[in-house]
Amino acid sequence: FFFLKKKKKNTPPGFLPIIDIASGIEHLTTLKASDIVTDIQYIPLETNDNCLVSGSPCVQVFNNKIVITSRKDCFLFNKEDGKFICSVGHVGNDPEGYRSAQCWIDEITGIFYFKGWKNELIKYDQNGKFLGKITLPKEPEPTDSPSHFIFSDSLIIGRYSNMTGYDIRSLAFFSQNGQLIDTIPSLISITPMSISDIASISILKGDKAHEQYGNVTQTGIVLVEYKNDKKSLSTPANPVLWKNKKNICFKPDFVDTIYTIEGTKIKPYLTYNTGKYHWPETERHNTSNIKDYIAILLTIENEHNIFFQFVKNLYNQPILYNGLYDKKNKTTKIAAGDQKITDDITNFMPIQPIKSNNNGGEYISIIQASDALSWLEEHPRETTNKQVEALKLLKEDDNPIIVIMK
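Predicted model only: the values in this text are computed from it and were never measured. (Residues numbered from 1 in each chain as written. Predicted model: local features only at pLDDT ≥ 70, side-chain atom pairs only at ≥ 80, totals over all residues. Heavy atoms only, no water.)

1. Concerning the overall build of the protein chain
Short version of the rule: Helix numbers and strand numbers start at the N terminus; a helix is a DSSP run of H or I with at least 4 residues, a strand a run of E with at least 2. Residues are treated as being in contact if the distance between any of their heavy atoms lies within 4.5 Å. Note on areas: these come from Shrake-Rupley sampling with a 1.4 Å probe, and a residue is covered only by the protein chains present in the view. Charged-residue counts in this description rest on Lys and Arg as positive and Asp and Glu as negative, His and the chain ends being excluded. A single reference atom marks each charge: NZ on Lys, CZ on Arg, CG on Asp, CD on Glu.
The helix and strand inventory of the protein chain stands at 6 helices and 28 strands. Looking at the protein chain alone, contacts between residues at least 24 apart form 54% of all its contacts between residues at least 6 apart. Just so you have it, the protein chain exposes about 19,000 Å², and 48% of that area is on carbon and sulfur atoms. If the 46 positive side-chain charges of the protein chain are averaged to one point and the 47 negative ones to another, these points end up 5 Å apart.

2. So, the nonpolar core
Proteins that are soluble and globular tend to have nonpolar side chains buried together. To keep it simple, the criterion reads: Note on terminology: a nonpolar core comprises buried Ala, Val, Leu, Ile, Met, Phe, Trp, Tyr and Cys residues joined through side-chain atoms within 4.5 Å. Only protein chains enter the accessibility calculation, which uses a 1.4 Å probe; a residue whose area is less than 20% of its type maximum is buried, one above 50% is exposed, and one in between is partly exposed.
Y42, L314 and F348 are the most contacted members of the largest nonpolar core, which has 45 residues in total. If you tally residues by element for this core, the top one is helix 5 (residues 369–378), at 5 residues. Ranked by size, the runner-up nonpolar core spans 17 residues in total, among them I25, C249, I306 and F310.

3. As for the layout of surface pockets
Formally: Only protein atoms enter the 1 Å grid used here. Points where a 1.4 Å probe fits but cannot escape make up a cavity, open sets with protein on both sides within 12 Å along at least five of seven lines make up a pocket, and a residue lines them when an atom lies within 4 Å of a point. Grid points are joined across faces, edges and corners, and a volume is the space filled by probe spheres set on the points.
Looking at the second largest pocket, its volume works out to about 940 Å³. Lining the second largest pocket are 38 residues; nearest its centre among them are D207, Q218, M349, I366 and D371. Elements that contribute at least two residues to the lining of the second largest pocket include exactly helix 4 (206–213), strand 27 (363–367) and helix 5. With 6 residues, helix 5 is the single largest residue contributor to the lining of the second largest pocket.

4. Overview of the sheet that holds strand 10 (residues 130–135)
Our working rule: For two strands to count as paired, DSSP must find a minimum of two bridges between them. Fitted lines through C-alpha atoms serve as axes, helices being fitted only where they are in contact, and the angles separating the N-to-C directions of these axes extend from 0 to 180 degrees.
One open sheet accounts for 4 strands, arranged 7-8-9-10; its pairing is antiparallel. What marks the edges here is a single partner per strand, and that holds for strand 7 (103–106) and strand 10. Ignoring which end each strand starts from, the neighbouring axes of this sheet average 25° apart.

5. With respect to the pattern of salt bridges
Defined as follows: The term salt bridge refers to a side-chain nitrogen of Lys or Arg lying within 4 Å of a carboxyl oxygen of Asp or Glu.
Applying the stated rule across the entire model yields 11 salt bridges. Among the ionic pairs, K327 bridges to E301, the shortest N-O distance being 2.7 Å. Placement of K327 in the loop between strand 24 (319–326) and strand 25 (331–336) and of E301 in strand 22 (residues 294–301) is noted, with a sequence separation of 26 residues between them. For the pair K327 and E301, a shared accessibility class is recorded, and that class is buried. Each of K32, D35 and K333 takes part in a single network of salt bridges with overlapping partners.

6. Some thoughts on the packing of aromatic side chains
Threshold: Pairing of aromatic side chains here covers Phe, Tyr and the six-membered ring of Trp, requires ring centres within 6.5 Å, and sorts the geometry by plane angle: under 30 degrees stacked, over 60 edge-to-face, intermediate tilted.
A full pass over the atoms with the stated rule returns 18 aromatic pairs. Through a chain of ring-to-ring contacts, three or more aromatic side chains come together here, namely Y98, F114, Y124 and F130.

7. Here's the deal with helix 5
Note the threshold: The arc in question is formed by the directions pointing from the helix axis toward the C-beta atoms.
Within helix 5, burial applies to A369, A372, L373, W375 and L376. Buried residues along helix 5 cover an arc of 160° about the axis, so they all sit on one side. The exposed residues of helix 5 that point more than 90 degrees off its buried face are E377 and E378. Those residues of helix 5 hidden inside the fold are in contact with strand 27, helix 6 (386–390) and strand 28 (401–405).

Here's what the structure looks like:
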């Protein structure tokens with residue numbers, strides 16, 4: 001580690017670049033927007049009766065479009081001005097209906113994929129036209145169907161994540177017509193918890209959850225409590241599969257390595273050095289003697305850096321941290337999570353990156369109109385940015401504002 005620290009720009013052959021949490025947490029600093037990005041744009045989404053965005057939406061940016069999904073709706077907006085374009089598909093039991101509006105986009109073909117009701121993926125184009133469906137093989141117990149998808153030139157890649165934290169598979173590779181080609185087994189070995197052992201299930205959202213667990217709570221995280229005082233936490237909407245330019249990256253929960261996917265194989269790409277704070281997989285469900293263990297809940301990447309969030313003492317009194325890894329200089333900064341990432345670019349609300357778009361250049365976030373208006377009322381003189389000033393014309397019940405961080 002000393003050699004790597006001295007030779008920041010030249011990683012020795014056979015060594016992975018290190019995101020050094022173990023050292024950084026001992027020397028906390030502060031983070032500001034200009035450490036992470038160079039430009040911030042605010043795009044209010046058009047509000048009308050045809051595109052009312054419901055609570056807890058998810059956002060994606062695809063080429064020149066903003067894709068907003070909630071439980072029942074998938075809406076497309078223009079990235080330049082936020083104007084509504086169209087809706088895509090619908091929830092329903094009919095032949096063209098899908099189970100949930102959560103979608104995955106193949107950037108190569110522009111096809112939108114939604115989960116159907118019987119191991120199906122329902123396909124739509126960008127104009128809302130139904131393109132048919134593909135049926136995936138039925139999974140062996142106890143594995144559920146994949147919870148997240150990403151696309152290569154010829155493959156559909158599915159990631160597995162169930163709420164008990166145990167899957168017999170990490171990834172599966174399907175052809176374009178749904179045929180199973182290959183799988184990668186789970187990368188952790190833990191004793192699986194039984195559904196019958198569950199005492200309660202909580203969906204963690206809201207301001208308090210955000211202070212404890214970070215930006216993954218914008219799409220909700222699942223906390224399971226068992227009858228034997230054990231717990232598990234899962235992040236079903238967390239972007240653990242992403243693209244950075246041509247690379248497809250994979251960061252499994254409770255694993256300290258980031259991988260790239262090449263064909264149907266995975267290859268180590270970067271590793272988090274958690275040192276003495278490493279959480280052994282055999283203790284993943286334990287609630288005692290874990291106060292110093294680290295759980296990395298969010299990893300997002302652009303071509304210049306990796307922004308990440310992790311938590312100590314996950315199941316009891318969580319302590320949140322923000323981290324930034326500079327890919328060129330191979331340096332790591334860690335800041336306390338209660339120290340907000342101040343916006344020193346537009347002098348608006350603290351920034352909250354929640355994902356990156358798949359061309360690797362932009363981080364994305366979402367702000368409710370009511371939250372923006374409350375902040376502007378409390379800080380009337382703190383910004384002269386024209387984009388931010390324009391937000392004062394919004395109404396509290398307007399559609400959200402999309403934040404594009406370049």
